[in-house]
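Residue-level structural notes
Read off the chains here:
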Amino acid sequence: MSDTDAKQTDFVTIYVTVESEDVASHLATALVKNKLVACVNISEGTRSIYEYEGIIQFDNEVLMFMKTVGRRVPEVVAMIKEKHSYDVPCITVMPIVDGNDDYLKWVDQQTS
């Protein structure tokens with residue numbers, strides 16, 4: 001990428017779990033439509049085991065992987081929290097340290 005383009009470290013993947021594919025599709029559509037993320041991958045079939053309010057939980061969940069730019073993270077997190085059904089949703093942000101320049105340019109364009 002040229003010096004005038006966004007740097008690769010400005011890109012992130014946001015990892016979220018939700019209770020169903022329907023919820024994931026609705027959330028993904030809202031995030032893409034609002035230009036907060038460029039792309040969302042939805043993957044069913046995740047088994048989550050965790051303790052919540054003193055009880056061990058065994059849940060089937062759907063994973064969401066969202067690609068966006070760092071400047072959009074606060075808005076993405078706010079929208080997820082607003083629309084998510086969980087009291088404490090799993091939302092983590094991971095930096096993208098390298099990748100396909102053409103793809104990263106597209107992510108930047110889609111979220112501008």
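Residues numbered from 1 in each chain as written. Predicted model: local features only at pLDDT ≥ 70, side-chain atom pairs only at ≥ 80, totals over all residues. Heavy atoms only, no water.

Another point: unusual backbone geometry. Phi angles above zero are rare outside glycine, and K35 is one such case at about 60°. You can see K35 is positioned in the loop between α1 (21–33) and β2 (39–52). The backbone phi angle of E53 is positive, close to 55°, even though this residue is not glycine. With respect to the element layout, E53 can be found in the loop between β2 and β3 (55–69). (Helix = DSSP H or I, 4+ residues; strand = E, 2+ residues; numbered from the N terminus.)

Turning next to the side chain of E61. Secondary-structure assignment places E61 in strand β3. Among buried charged residues, E61 stands out as having no salt bridge; its nearest opposite-charge side chain is R47, 9.1 Å away. Only 2.8 Å separates the side chain of E61 from the side chain of Y86, close enough to count as a polar contact. Beyond its immediate sequence surroundings of up to four residues, E61 is in contact with T17, V18, S43, E44, G45, T46, S48 and Y86. (Buried < 20%, exposed > 50% of the residue type's maximum accessible area, 1.4 Å probe, protein only. Lys, Arg positive; Asp, Glu negative; His and termini not counted. Salt bridge = Lys/Arg side-chain N within 4 Å of Asp/Glu carboxyl O. Polar contact = N/O pair within 3.5 Å; in protein donor to acceptor, adjacent residues only side chain to side chain. Contact = heavy atoms within 4.5 Å.)

One finds I14, L31, M64, M66, V76 and I80 to be the most contacted residues of the largest nonpolar core, which totals 19 residues. Going through the elements one at a time, β1 (11–18), α1, β3 and α2 (73–83) are the ones with two or more residues in this core. Take this core: its biggest share by element is five residues, from α1. Residue contacts for L31: discarding those within four places in its chain leaves L36, V37, M66, V76, M79 and I80. The next biggest cluster of nonpolar side chains, apart from the first, holds six residues, and it includes F11, A38, I96 and L104. (Core = buried A, V, L, I, M, F, W, Y, C linked by side-chain atoms within 4.5 Å.)

Look at α1: 18 Å from first C-alpha to last across 13 residues, which is about the 18 Å you get at 1.5 Å a residue. Restricting attention to buried positions, one finds in α1 the residues A24, L27, A28, A30 and L31. Projection of α1 onto a plane perpendicular to its axis shows the buried side chains occupying an angular sector of 165°, all on one side. Exposed and facing more than 90 degrees away from the buried side of α1 are D22, H26, T29 and K33. Each element contacted by the buried residues of α1 is listed here: β1, β2, β3 and α2. Following α1 by one or two positions, K35 has its phi on the positive side, about 60°. (Expected span 1.5 Å × (residues − 1). Arc of directions from axis to C-beta.)

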